[in-house]
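Results of the structural survey
What follows is each chain in one-letter form.
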Amino acid sequence: MFSQPIRFAGALALALAASRPALAANPLDRGPIADFVNNFQLQSIPSQTVVWSHPQYKKGTIVVSTKERRLYYVLGPTRAIEYGVGVGREGFTWSGVKTITAKREWPDWRPPAAMLKRRPDLPRHMEGGQDNPLGARALYLGSSDYRIHGSNEGDTIGEAVSSGCIRMTNRDIVDLYGRAKVGTRVVVLK
């Protein structure tokens with residue numbers, strides 16, 4: 001009864017993988033099918049549109065409240081999208097103003113030298129994909145080692161566990177990635 005749809009889905013996955021060899025051998029690991037699958041992951045802190053009453057932050061600005069463990073994308077003078085985030089653990093918190101200088105889909109990960117010094121067991125390079133710590137998308141913040149990125153550890157959202165990066169679920173970072181442009185102002189508050 002189900003053999004035809006299953007064979008079709010398998011053939012579709014193989015065709016997509018063959019047509020996009022630069023992405024990955026497994027279409028469920030990285031790319032449009034992986035993006036689609038991430039839409040069905042449960043989220044402990046779902047995104048929502050909220051009332052925004054901070055006129056000093058203009059439309060298109062990203063505001064991160066590390067205390068609240070929330071990221072806000074300002075839609076206008078009275079509305080923002082609120083996302084749950086994971087933030088830097090004790091000793092790795094920071095605040096300030098940065099600018100998004102680059103955006104990457106399914107980015108490769110190269111741990112910074114300071115991280116490798118603390119954790120020499122980490123790989124020197126990891127290809128982008130579902131198991132990559134940067135998740136589905138990354139927004140690079142200035143010349144710093146910090147990013148706003150997806151995560152393959154959804155249970156860390158709402159926690160202080162990172163080395164300073166702002167973590168989001170893969171579903172939420174895909175949404176934010178589509179809204180934020182290179183040049184977007186990012187304000188990180190303690």
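See the structure printed just above.
Not measured: the values here are computed from a predicted model.

1. Comments concerning the packing of aromatic side chains
- Enumeration over the complete set of coordinates arrives at three aromatic pairs.
- A centroid spacing of 5.2 Å and a plane angle of 40° characterise the contact between tryptophan 52 and tyrosine 72, whose relative ring orientation is tilted. Separated by 20 residues along the polypeptide, tryptophan 52 in the loop between β1 (48–51) and β2 (62–65) and tyrosine 72 in strand β3 (residues 70–74) bring together distant segments of the chain.
- Their ring planes at 10° and their centres at 4.6 Å tell us that tryptophan 94 and tyrosine 146 sit as a pair that is stacked. Taken together, the positions of tryptophan 94 in the loop between β5 (87–88) and β6 (96–105) and tyrosine 146 in the loop between β7 (137–141) and β8 (147–149) put the pair 52 residues apart, joining distant regions of the chain.

2. Thoughts on unusual backbone geometry
- In this structure, arginine 69 is a non-glycine residue whose phi angle is positive, near 60°.
- Take arginine 69: it is sitting in the loop between β2 and β3.
- Here arginine 69 falls in the partly exposed class, since its relative accessible area comes to 27%.
- Unusually for a residue other than glycine, tryptophan 106 sits at a positive phi of about 45°.
- The buried category is assigned to tryptophan 106, whose relative accessible area is 2%.

3. Overview of the sheet that holds strand β10 (residues 166–167)
- Ordered in space as β1-β4-β3-β2-β11-β6-β7-β8-β10, the nine strands form an open sheet in which the pairing is mixed. Looking along the sheet, the strands with just one partner apiece sit at the ends: β1 and β10.
- Two elements, β6 and β7, share five bridges in a ladder whose sense is antiparallel. Note on β7: the bridge partner recorded for arginine 104 is alanine 138.
- Against the sheet, helix α4 (residues 170–179) touches β2, β3, β4 (79–84), β6, β7 and β8, its axis set at about 55° to β7.

Conventions and cut-offs
Residues numbered from 1 in each chain as written. Predicted model: local features only at pLDDT ≥ 70, side-chain atom pairs only at ≥ 80, totals over all residues. Heavy atoms only, no water. Phe/Tyr/Trp six-rings, centres within 6.5 Å; stacked < 30°, edge-to-face > 60°. Helix = DSSP H or I, 4+ residues; strand = E, 2+ residues; numbered from the N terminus. Buried < 20%, exposed > 50% of the residue type's maximum accessible area, 1.4 Å probe, protein only. Pairing = 2+ DSSP bridges. Contact = heavy atoms within 4.5 Å. Axes fitted to C-alpha atoms, helices over the stretch in contact; angles between N-to-C directions.

By themselves, these figures tell us nothing about what the structure is for.
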